[in-house]
Amino acid sequence: MIKGSVQQVLNIYAPNTGAPKFIKQLLIDLRNEIDSNTITVEDFNIPLTALDRSSRQKVNKETMDLNYTLEQMDLTDIYRTFHPTTTQYTFYAIAHETFSRIDHMIGYKTSLNIFKKTEIISSTLSDHSRIKLEI
């Protein structure tokens with residue numbers, strides 16, 4: 001959920017397998033279409049950092065490569081920027097009994113000053129929680 005005014009929102013739902021490569025390639029393909037007024041949101045199906053998973057597993061090579069691409073494109077995970085040490089999650093995997101934050105809002109670092117607040121809104125009716133962003 002986004003409160004406020006944004007010029008463009010790119011909603012991505014990544015596949016369950018190969019998500020880092022899929023997202024990286026999609027962002028590279030769209031780099032000329034997105035600008036500082038664009039926010040990329042939704043279910044990436046991958047935690048971007050070790051803090052984003054309850055088991056504290058290492059982030060794999062493909063995810064590190066995606067993070068490097070985000071850095072090179074001057075993009076950042078808006079929630080993680082505002083909450084650098086928070087361990088709050090958006091997804092619960094019943095099969096593995098693990099929590100993770102696989103839902104992300106990605107935006108340009110130069111646009112961070114327009115954001116007032118971001119938080120995760122817990123859900124008891126779904127395996128996903130929402131991320132709320134106020135502009």
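Nothing here was measured: the structure is a model prediction, and the numbers come from that model.

Basis of the calculations
- Residues numbered from 1 in each chain as written.
- Predicted model: local features only at pLDDT ≥ 70, side-chain atom pairs only at ≥ 80, totals over all residues.
- Heavy atoms only, no water.
- Helix = DSSP H or I, 4+ residues; strand = E, 2+ residues; numbered from the N terminus.
- Expected span 1.5 Å × (residues − 1).
- Buried < 20%, exposed > 50% of the residue type's maximum accessible area, 1.4 Å probe, protein only.
- Arc of directions from axis to C-beta.
- Contact = heavy atoms within 4.5 Å.
- Polar contact = N/O pair within 3.5 Å; in protein donor to acceptor, adjacent residues only side chain to side chain.
- pLDDT = per-residue confidence, 0-100.
- 1 Å grid on protein atoms, 1.4 Å probe; cavity = no way out; pocket = protein on both sides within 12 Å on 5 of 7 lines; lining within 4 Å.
- Points joined across faces, edges and corners; volume = space filled by probe spheres on them.
- Nonpolar A, V, L, I, M, F, W, Y, C, P; charged D, E, K, R; others polar.

## Thoughts on helix 2 (residues 61-72)
Here helix 2 spans 16 Å end to end across 12 residues, near enough to the 16 Å set by a 1.5 Å rise per residue. The set of residues buried in helix 2 consists of T63, L66, T69 and L70. With its buried residues spanning 115° around the axis, helix 2 presents them on a single face. Facing away from the buried surface of helix 2 by more than 90 degrees, the exposed residues are K61, Y68 and Q72. Structurally, helix 2 contributes buried residues whose contacts are with helix 1 (19-30), strand 4 (75-77) and strand 7 (103-108). The opening residue of helix 2 is N60, an N-cap whose side-chain oxygen sits 3.2 Å from the backbone nitrogen of E62. Of the residues trailing helix 2, D74 is marked for its positive phi of about 65°.

## Quick notes on the confidence of the model for the protein chain
Per-residue confidence for the protein chain gives a mean pLDDT of 81; residues scoring 70 or more make up 86%. Ranking the elements of the protein chain by mean pLDDT puts strand 1 (residues 2-3) last with 48 and helix 2 first with 92.

## What about the layout of surface pockets?
In this structure, the largest pocket encloses a volume near 490 Å³. What lines the largest pocket is a set of 22 residues, among which N45, P47, R53, S100 and I102 lie closest to the centre. The set of elements that each furnish at least two residues to the lining of the largest pocket consists of helix 1, helix 2, strand 5 (91-93) and strand 6 (98-100). Here the residues of the lining of the largest pocket are counted per class, giving eight nonpolar, 11 polar and three charged.

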